[in-house]
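# Structural overview for review
In case you want the letters, here they are:
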Amino acid sequence: MLRINFVNQFDDRDGTYLPTIEKVLKQSYKTLRTHGRKVISVILVSYSEIQKINREYRKIDRVTDVISFDNQDGGIELGDVFIAVPRTQEQAETYGHSFERELGFLAVHGYLHCSGYDHMTPQDETTMFAIQEEVLQACGLRRL
C-alpha cells in the first residue's frame, strides 16, 4: 500500500486537504500498479514558496501550480510533489469546478511525473491525461 508523507506549509487546515490527496494518490497507485515504490511526499505551499522552488530548480521565476521531483535512485520513494494551494483555488474558480477536483488533478499530475510520465509530446500528453482522467473519475472528481 502507498504511504503518503504529508506536509502542509500553507495553513493549518490539514483535514480539508488530506482526504482528497489520499484518495487520489491511492487510486493512482492502484491504477498504475506501482509496486515496490510505496512512498510519496506531498507538500502544500504558498505562492512565494512555489515561485522560489520554480526559480531555484527550473530557472523559471514565476508562480506555478505543481512541481514534482522524482526519486531516481530506484528505492521505495517515488518523489516529492509541491502544490501551491492559492493557485489551486484560483484555477478551480477559473475552470469552474471544485477545489477538491483541482487539488486531485494536481496531486495525480505530480504522481504521474514522479512515476515517469510526461507531456512533452502530443502522444505522451494524451497518455498522461487519459490516466489522470481515469483516476479522477474513479475518485468521483468530475468536471462540473
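Our structure is the block above this text.
I will try to describe carefully the structure that is included in this document. Fair warning: this is a prediction, and the values are worked out from it, not measured in the lab.

Turning our eyes to something else, we now look at the sheet that holds strand E3 (residues 66-70). The 4 strands are arranged E1-E2-E4-E3 in an open sheet whose pairing can be described as mixed. A strand with exactly one partner marks an edge of an open sheet, and here the two such strands are strand E1 (3-8) and E3. The average undirected angle you get between the axes of adjacent strands in this sheet is 15°. Relative to strand E2 (residues 39-45), E1 runs parallel, the two sharing 6 bridges. Within E2, the residue paired with Phe6 across the bridge is Val42. Here helix H2 (residues 47-58) sits on the sheet and contacts E2, E3 and strand E4 (77-84); the angle it forms with E3, its principal contact strand, is near 50°.

Time to look at the packing of aromatic side chains. Summed over the entire model, instances satisfying the criterion amount to 4 aromatic pairs. Summarising the aromatic geometry, the rings of Tyr57 and Phe69 are spaced 5.1 Å apart at their centres and angled 70° between planes, so their arrangement reads as edge-to-face. With Tyr57 in helix H2 and Phe69 in strand E3, the pair connects residues that are 12 residues apart, well separated along the chain. By relative accessible area, Phe69 is classed as partly exposed at 27%. Three or more aromatic residues joined by ring pairs make a cluster, and in this case those are Tyr57, Phe69 and Phe82.

The full count for this structure, using the stated rule, is 0 disulfides. No disulfide involves Cys139; its sulfur sits 17 Å from that of Cys114, the nearest cysteine.

Along the chain, the position of Phe10 falls in the loop between E1 and helix H1 (14-32). Look at Phe10 and you get partly exposed, because its relative accessible area is 32%. Linking Phe10 and Leu44, residues 34 residues apart in sequence, is a C-alpha distance of 5.8 Å.

Another point: the packing of H1 against helix H5 (residues 122-138). Taken N-terminus to C-terminus, the directions of H1 and H5 make an angle of 125°; their axes are 9 Å apart at the nearest point. Considered as vectors, H1 and H5 are oriented oblique to each other. Remark: the crossing between H1 and H5 carries right-handed chirality. Taking contact as the criterion, the partners of Val24, Gln27, Ser28, Thr31 and Leu32 in H1 are, on H5, Ile131, Glu134, Val135, Leu136 and Ala138. Grouping the constituent residues of the contact of H1 with H5 by class yields 6 nonpolar, 3 polar and 1 charged.

With that settled, consider the pattern of salt bridges. Under the criterion given, the structure shown has 4 salt bridges. Across the salt bridge formed by Arg55 and Asp61, the nearest N and O atoms sit 2.8 Å from each other.

This part covers helix H4 (residues 99-114). Residues separated by three or four positions in an α-helix point in the same direction, a consequence of the helix having 3.6 residues per turn. The terminal C-alpha atoms of H4 lie 23 Å apart, and with 16 residues this matches the ideal 22 Å at 1.5 Å per residue to within 8%. The positive-phi residue at the C-terminal boundary of H4 is Gly116, with phi of around 100°.

Following both chains from N to C, one finds helix H3 (residues 85-95) and H4 inclined at 120°, their axes separated by 8 Å at the closest point. In terms of orientation, H3 and H4 fall into the oblique class. Where H3 crosses over H4, the two elements pack in a sense that is right-handed. In contact with Val85, Thr88, Gln89, Gln91, Ala92 and Tyr95 of H3, H4 contributes Phe99, Glu102, Leu103 and Leu106. Split into classes, the residues belonging to the contact of H3 with H4 amount to 6 nonpolar, 3 polar and 1 charged.

Cut-offs used in this document
- Residues numbered from 1 in each chain as written.
- Predicted model: local features only at pLDDT ≥ 70, side-chain atom pairs only at ≥ 80, totals over all residues.
- Heavy atoms only, no water.
- Pairing = 2+ DSSP bridges.
- Helix = DSSP H or I, 4+ residues; strand = E, 2+ residues; numbered from the N terminus.
- Axes fitted to C-alpha atoms, helices over the stretch in contact; angles between N-to-C directions.
- Contact = heavy atoms within 4.5 Å.
- Phe/Tyr/Trp six-rings, centres within 6.5 Å; stacked < 30°, edge-to-face > 60°.
- Buried < 20%, exposed > 50% of the residue type's maximum accessible area, 1.4 Å probe, protein only.
- Disulfide = S-S within 2.5 Å.
- Parallel < 35°, antiparallel > 145°, perpendicular 65-115°, else oblique.
- Left-handed = near helix turned anticlockwise from the far one by under 90°.
- Nonpolar A, V, L, I, M, F, W, Y, C, P; charged D, E, K, R; others polar.
- Salt bridge = Lys/Arg side-chain N within 4 Å of Asp/Glu carboxyl O.
- Expected span 1.5 Å × (residues − 1).

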